[in-house]
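# A structural walkthrough
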Amino acid sequence: MKQQGTEQQAAISRVTTGMRVIDTAGVEVGTVDLVQRGDPNAVTVQAPTADPGGSLDELIESAAAEEPDVPADLAARLLRTGYLKVSTELARTGAVYVLADQIAAVDGQVRLAVGVGDLPAEE
């Protein structure tokens, strides 16, 4: 398991902003806007507690400085694994996020192991 995480971080470390992103079917998704390496110590999502006040959302918003702009549970996962933010015309909001483990290869462009429909859109 540790090895896979190391490979994911190695792949994401070769990504630079402006690279083209291609999904598993060869569809051009867009270009990389932001590269965020994983932090295994990033905020993790706990089981819901008695506090329904949305404090986890607030915590992630303050800690992540508005990135990634997705629901709190997904944001925590993105922060832990590392992610790319990709500008695209294929999403209503103009951007999607790619988890590090969705990257199949980096060879001058980013090749994904999933289809564009599996990528969470920016909110």
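Residues numbered from 1 in each chain as written. Predicted model: local features only at pLDDT ≥ 70, side-chain atom pairs only at ≥ 80, totals over all residues. Heavy atoms only, no water.

Below, the discussion takes up the overall build of the protein. Helix and strand content of the protein: three helices and six strands. Put simply, the protein runs from its N terminus to its C terminus through helices and strands in the order α-β-β-α-α-β-β-β-β. Looking at the protein as a whole, 40% of its 123 residues qualify as buried. The contacts of the protein with a sequence gap of at least 6 include a subset with a gap of at least 24, amounting to 57%. Summed over its atoms, the accessible surface of the protein is roughly 7,000 Å², and 49% of this surface lies on carbon and sulfur atoms. (Helix = DSSP H or I, 4+ residues; strand = E, 2+ residues; numbered from the N terminus. Buried < 20%, exposed > 50% of the residue type's maximum accessible area, 1.4 Å probe, protein only. Contact = heavy atoms within 4.5 Å. Areas by Shrake-Rupley, 256 points an atom, 1.4 Å probe, with all protein chains shown as cover.)

Looking now at helix H3 (residues 72-81). In terms of burial, H3 is largely enclosed, as seven of its ten residues are buried. When H3 is considered as a whole, its buried residues turn out to be Ala72, Leu74, Ala75, Ala76, Leu78, Leu79 and Thr81. After H3 finishes, the residue Gly82 shows a positive phi value of roughly 95°.

With that settled, the discussion passes to the pairing of strand S5 (residues 103-106). Direction of pairing for S5 relative to strand S6 (residues 110-112): antiparallel, over a ladder of three bridges. Looking across to S6, one finds that Val106 is bridged to Val110. (Pairing = 2+ DSSP bridges.)

Once that is clear, we can look at the environment of Thr16. Looking at the secondary structure, you find Thr16 in the loop between helix H1 (2-13) and strand S1 (20-22). For the pair Thr16 and Leu34, spaced 18 residues apart in sequence, the C-alpha separation works out to 8.0 Å. Residues contacting Thr16, with those up to four places away along its chain left out, are Val32 and Val35.

The buried fraction of strand S4 (residues 95-99) amounts to five of the five residues, a majority that puts the element mostly inside the structure. Alignment of strand S3 (residues 82-87) against S4, held across five bridges, turns out to be antiparallel. Bridging from a neighbouring strand, Ser87 pairs with Ala95 of S4.

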